[in-house]
Amino acid sequence: MREQDNATEVTATGIARLAGVGRAAVSNWRRRHADFPRPVGGTEASPAFALAEVEEWLRKQGKLAEVPLRERVWQQLAGHPAGPVTALVHAGCALLLISDRPTEWLKLGGLTDARMAEALPGKLAGVLTQRFGSQAAVNASDTTPGHVGTNDSSQPTVNTGHAALAAPGPAETAASVPLLRGVGELAAELGTRRTFEFLLGRQLDANPRQYTLTPAGPAALMAELAGRPRTVLDPAAGTGALLGAVRSPTAVYAQDSAPELAALTALRLALSTDAEVRARVGDTLRADAFPGLTVDAVLCHPPFNERNWGHDELAYDPRWEYGFPARTESELAWVQHALAHLRDGGTAVLLMPPAAASRRSGRRIRADLLRRGALRAVIALPAGSAPPYNIPLHLWVLRRPTAGARPSPPGLLLVDTASTGDGRARDDWQAVRSAVLDAWRPFDRTGTTAEQPGLSRCVPVLDLLDDDVDLAPARHLPPPADGGAERLADVGARLGDTLRLAVGLAPPPPATGAPPARWPLTTVGELARAGALVLRTAGSTGPAAATHPRSPAAGPARAGVPVLTDHDVLAAAAPSGLLPDGETAEDTVLTEAGDVVVPVLGGGGVARVVDERTAGAALGRNLALLRPDPAALDPWFLAGFLRGTANNRRASSYASTATRLDVRRLQLPRIPLEQQRPYGERFRGLAAFEDALRLAGRIGEQLVQGMYDGLTDGTVPPGA
């Protein structure tokens, strides 16, 4: 018989997710209902409640027909007594057992919770040993070198060794058994890999400031620049995005100084690839976990601007083959660490801050990398490609010189994609990828490539070996060939056409002196209960899909389901995300023409009516979808009234750092459909006018900057 899970706690935010309401509604329930469950933990400002008690109360009140399995499992994980990270590691271990030894998992599922807690550690140790080596079998209560376990603070502990993962002991497993049963049920629906990605995505989404993530687009591009390596190392692995982007490796090696990230990366890779996975914990520069290892490729997104990277104690380290990095040049230490782990001819691709290409303190090392042919390309990405999003990061492509072979052709490929498309990495990532690979592939084969003004050029090494050794691409590329007066004339003509369109769409001045209308009002919540509309929020659309550009590894856009994000709605842009593997889950919400989509975070009334171009996209995080019954509600009437300033103020709640909109509290007039349509047509016209103004603004900015550039580079005379 299965014991009831009373240990899992849930916050007011979690209760709101379960019931599909805003957090303000939960606060109202606590005040108005004497039988609402009492807090069992947390703080006065953020109390925690027993999940089982909350579910029971919601069902009795008719506010919860059935807890979605995904939501229940996530709440169990988030409220785990040992903390969500430990719970996620336990879940990943169980998923690996389900994946590799499904029969053993089925047998365990028939046991009571107590007997399952006793039997599970041995089974987990067996599968972890099989996938990660003998160190993974060390019991979580052991403190021998090479072990990573957990302590009472729910954070993994590190001993003197480097193993990233260990099987939990019986005491730890006992608290996780209810969660692991739910994880097993979810895996039966989604599969083991997608289940882990869903839970990991929720954890990353819930704690965005704790993790520096490499988006899918740059990760896939870095993997493509590395070729088709069989063995790959990431010495600053984070959550494993770079290693996960490599196609069909035979062995992957990961190291990270954060024990929880190393453990999650090991599980993520083991669940997504058949390659040999070796993950270790430790400070990579001070304590290399893979001494003597050489691989086909190294991919790395190192920490930037670190001063305490080991400068004082590593002065005579043999890795500094190209020079001892200054204290302020931690990135050049990572570059040389990567080169030290490459086989002859192997490739390293590192995401670097732009300052590393030009700081004077690093010029001697940059010069030696150039002279010996180790640095092959510096590629400037558009701002917004990867964190930190406010600066245009660089990709450095390096190759370890082959001992005794002739040096590489004396040239460095410089690529600047800042002006690719309209310069916005989110919308134009496919264009960025194509521009980079179109320049890199011929250069990689022949050592040269056709010059593309303003975009790419192969610069002779001798031209770069001056006093500064400045490798910033923008400083060595000629201006774009199309940057003259003729192109600007076309831009000006487009601006004129758009402005004339905007003038034609401008609303006429309203009549004065008319008394304000007095309508009976209703709310979105009341309309939803009456069946006049359906209110939906995002299901399992992952954070990566909802916030990052489409991954080039996923192929053309038709291969996957696009995701409409809150950023897309705010900018009136096309869907910019992509569901992982192009798969839709059972609770994925797909938009239809006539739906009204509303962002719920950030304040500022915005409502977008879905058209034929946007229909079929998955609904992203932080969005609410309203699907009106066409016999009862006009979608443009609905969207227009939802944008009212006073309406949004009444329906918003305010926290210390964010504003959240309770869509159910938004109001609109209760009037017949025939009276709604004139308002709907007027709102539709205003939306078209707004789109024209937005487009005119973008074209105007392009024209202004083009004129500045043309006047300053001499391609536009002042009398033009």
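Nothing here was measured: the structure is a model prediction, and the numbers come from that model.

Participant: What's the story with the packing of aromatic side chains in this structure? I'm lost.
Facilitator: Enumeration according to the criterion identifies 12 aromatic pairs in this entry. Ring plane angle 45 degrees and centroid distance 5.9 Å describe the contact between W440 and F443, whose orientation is recorded as tilted. Of this pair, W440 and F443 both sit in helix 15 (residues 425–446), separated by 3 residues, roughly a single helical turn. Between F641 and F683, the aromatic rings sit 5.5 Å apart at their centres with planes inclined by 85 degrees, giving edge-to-face as the arrangement. Taken together, the positions of F641 in helix 21 (residues 635–642) and F683 in helix 23 (residues 673–713) put the pair 42 residues apart, joining distant regions of the chain. In textbook terms, an aromatic cluster arises when at least three aromatic residues are bridged by ring pairs, as seen for W519, F637, F641, Y679 and F683. It is R70 that lies over the ring of F198; its NZ or CZ is 5.9 Å from the centre.

Participant: So what exactly am I meant to see when it comes to unusual backbone geometry here?
Facilitator: Most of the time, phi is negative for any residue but glycine, and the peptide bond is trans. Here P387 and P388 are connected by a cis peptide whose omega angle stands at -5 degrees. Examined against the element boundaries, P388 turns out to sit in the loop between strand 11 (375–380) and strand 12 (394–399). At V469, a residue that is not glycine, the phi angle is positive and equals roughly 50 degrees. With respect to the helices and strands, the residue V469 is situated in the loop between helix 16 (461–464) and helix 17 (485–505). When its relative accessible area of 3% is taken as the criterion, V469 is described as buried. Within the chain, A572 stands out as a residue other than glycine whose phi angle is a positive 55 degrees. Looking at the secondary structure, you find A572 in the loop between helix 20 (566–571) and strand 18 (577–578).

Participant: Help me out: how do you make sense of the sheet that holds strand 18 in this one?
Facilitator: Working definition: the strands of a sheet are paired by backbone hydrogen bonds and lie parallel or antiparallel to each other. Here 3 strands make up an open sheet; going across it, the order is 18-17-21 and the pairing mixed. Two strands in the sheet have a free side with no partner beyond their single neighbour: strand 18 and strand 21 (618–619). Note: strand 17 (residues 562–564) against strand 21, 2 bridges, orientation parallel. Across the sheet, L564 pairs through a bridge with L619, a residue of strand 21.

Participant: Even after reading the chapter, I still don't get helix 13 (residues 330–340), so can you show me in this structure?
Facilitator: Within an α-helix, residues lying three or four positions from one another point in the same direction, as the helix has 3.6 residues per turn. In terms of residue burial, helix 13 counts as a mostly covered element, since 10 of its 11 residues are buried. Residues S330, E331, L332, A333, W334, V335, Q336, H337, A338 and L339 constitute the buried set of helix 13. Its buried side turned inward, helix 13 meets strand 9 (295–300), strand 10 (342–352), helix 14 (363–371) and strand 12.

Participant: Sorry, what's going on with the pattern of salt bridges here?
Facilitator: When the charged atoms of two side chains lie near each other, side chains of opposite charge can form a pair. Tallying each qualifying case throughout the model produces 34 salt bridges. Notably, a salt bridge pairs R475 with D470, separated by 3.0 Å at the nearest N-O pair. Close ionic contact of R670 with E526 constitutes a salt bridge, the shortest N to O distance being 3.9 Å. With R670 in the loop between strand 25 (667–669) and helix 23 and E526 in helix 18 (residues 524–530), the pair connects residues that are 144 residues apart, well separated along the chain. Residues joined in a network through salt bridges with shared partners are E321, D344, D368, R372 and R400.

Participant: Even after reading the chapter, I still don't get the side chain of Q336, so can you show me in this structure?
Facilitator: Secondary-structure assignment places Q336 in helix 13. Every residue in contact with Q336, bar those within four places of it in the chain, is listed here: R319, W320, E321, Y322, G323, P325 and I365.

Participant: Would you mind going over the nonpolar core with me for this structure?
Facilitator: W105, F132, L225, L299 and L395 are the most contacted members of the largest nonpolar core, which totals 91 residues. Looking at which element gives the most residues to this core, the answer is helix 5 (residues 84–100), with 11 residues. In this structure L395 touches L221, M222, L225, V349, L350, L351, A377, V378, I379 and L381, once residues within four positions along its chain are discounted. In this structure, L285, W320, I365 and V469 belong to the second largest nonpolar core, which totals 44 residues.

Participant: I keep staring at the environment of T523 and nothing clicks. Help me out?
Facilitator: One can find T523 in strand 15 (residues 521–523). Each C-alpha atom of the pair T523 and P669 lies 8.6 Å from the other, and the pair is 146 residues apart in sequence. Within polar-contact distance, the side chain of T523 engages the backbone nitrogen of E526 at 3.1 Å.

Procedures and definitions
- Residues numbered from 1 in each chain as written.
- Predicted model: local features only at pLDDT ≥ 70, side-chain atom pairs only at ≥ 80, totals over all residues.
- Heavy atoms only, no water.
- Phe/Tyr/Trp six-rings, centres within 6.5 Å; stacked < 30°, edge-to-face > 60°.
- Helix = DSSP H or I, 4+ residues; strand = E, 2+ residues; numbered from the N terminus.
- Lys NZ or Arg CZ within 6 Å of the ring centre and 35° of its normal.
- Buried < 20%, exposed > 50% of the residue type's maximum accessible area, 1.4 Å probe, protein only.
- Pairing = 2+ DSSP bridges.
- Contact = heavy atoms within 4.5 Å.
- Salt bridge = Lys/Arg side-chain N within 4 Å of Asp/Glu carboxyl O.
- Core = buried A, V, L, I, M, F, W, Y, C linked by side-chain atoms within 4.5 Å.
- Polar contact = N/O pair within 3.5 Å; in protein donor to acceptor, adjacent residues only side chain to side chain.

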